[in-house]
Amino acid sequence: MKIGYVQKTSFIDYPGKISAIVFTQSCNFRCPYCHNPELVDPERFCETLFTEDVYDYLEKRKGKLDGVVITGGEPTLQAKLIPFIQRVKSMGYLVKLDTNGSRPKVIEDVLKKGIVDYLAMDIKAPYEKYSRVAGLLVNITQIRKSIALIKESGLPSEFRTTLVRSLLEPDDVLRIGKMIEGASLYVLQKFVPSKHVDRSYVKKSSFTDDDLAHLLADLNPLIGRCVIR
Ligand code: SF4
């Protein structure tokens, strides 16, 4: 596993649980607003950790943490993801897997093996704008498959979209709502300028509170629950 870093404790990344977050390195998207360039852009890669050290840390935290969030980068690109999850599960942890949905085969595998407890997928844009917002050509068939797998999994799950005003219109978000209609949870993530894959995004902004209030009202009939984070 190429692990860039570990956040030792989080109270917010696994809903209702105390978790550690494992950030895997490398991604097959280049979302310009991504705030983890050291996990995405090979020219800015950070040094990686020894996977054994991560296991040691998790062993020591048994009984103090409920779960482990595996995020990135894009975790499903990691060749050793499944044995990694199996080892984490064998320690008694709940596992939440974050994904950009580009590799449904991996999602299918973890579901068949019953080794994840929560799935979270980023939805970048309506299908026709997907590649533009993700920064690379995206295979939409794979995205559709991942959405279907997650919706039908029966597991706790969420879809989420980062709202950058220069990339998405409010109507785009409603179109995303229709793509995931019937999902249990949709999270609208306000874009917050920090460090980004595209350094110019430090000057970009998110939707207004007014936009968000209207979106919540319009999305509510489509989704079990819709929240702003
Ligand atoms: S935000 Fe985009 S570029 Fe960053 S890790 Fe997620 S999918 Fe990859």
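The structure this text deals with has already been given above.
These notes cover the structure that comes with them. Fair warning: this is a prediction, and the values are worked out from it, not measured in the lab. (Residues numbered from 1 in each chain as written. Predicted model: local features only at pLDDT ≥ 70, side-chain atom pairs only at ≥ 80, totals over all residues. Heavy atoms only, no water.)

Looking now at the pairing of strand β8 (residues 225–228). The pairing of strand β7 (residues 185–190) with β8 spans four bridges and is parallel. Bridge pairing in β8 places Val 187 opposite Val 227. (Pairing = 2+ DSSP bridges. Helix = DSSP H or I, 4+ residues; strand = E, 2+ residues; numbered from the N terminus.)

This brings us to the site of the ligand. Neighbouring the ligand are Cys 27, Phe 29, Cys 31, Cys 34, Val 40, Gly 73, Asn 100 and Lys 124. Taken atom by atom, the bulk of the ligand overlaps the largest pocket. Its residues assigned to classes, the shell around the ligand shows five nonpolar, two polar and one charged. (Near = heavy atom within 4 Å. 1 Å grid on protein atoms, 1.4 Å probe; cavity = no way out; pocket = protein on both sides within 12 Å on 5 of 7 lines; lining within 4 Å. Sits in = over half its atoms within 2 Å of the grid points. Nonpolar A, V, L, I, M, F, W, Y, C, P; charged D, E, K, R; others polar.)

Before going further, it helps to examine helix α7 (residues 170–179). Since the α-helix advances by 3.6 residues per turn, residues separated by three or four positions end up pointing in the same direction. Every buried residue of α7 is accounted for by Asp 172, Val 173, Leu 174, Ile 176, Gly 177 and Met 179. On its buried face, α7 sits against α5 (130–134), α6 (140–152), β6 (157–163), β7 and α8 (209–219). (Buried < 20%, exposed > 50% of the residue type's maximum accessible area, 1.4 Å probe, protein only. Contact = heavy atoms within 4.5 Å.)

Now for the packing of helix α3 (residues 81–90) against helix α4 (residues 104–113). Taken N-terminus to C-terminus, the directions of α3 and α4 make an angle of 30°; their axes are 11 Å apart at the nearest point. Compared by their axis directions, α3 and α4 come out roughly parallel. Handedness of the crossing formed by α3 with α4: right-handed. Counted together, Leu 81, Ile 82, Ile 85 and Gln 86 of α3 and Val 106, Asp 109, Val 110 and Lys 113 of α4 form the full contact between these two elements. (Axes fitted to C-alpha atoms, helices over the stretch in contact; angles between N-to-C directions. Parallel < 35°, antiparallel > 145°, perpendicular 65-115°, else oblique. Left-handed = near helix turned anticlockwise from the far one by under 90°.)

Geometric values such as these leave the question of function open.
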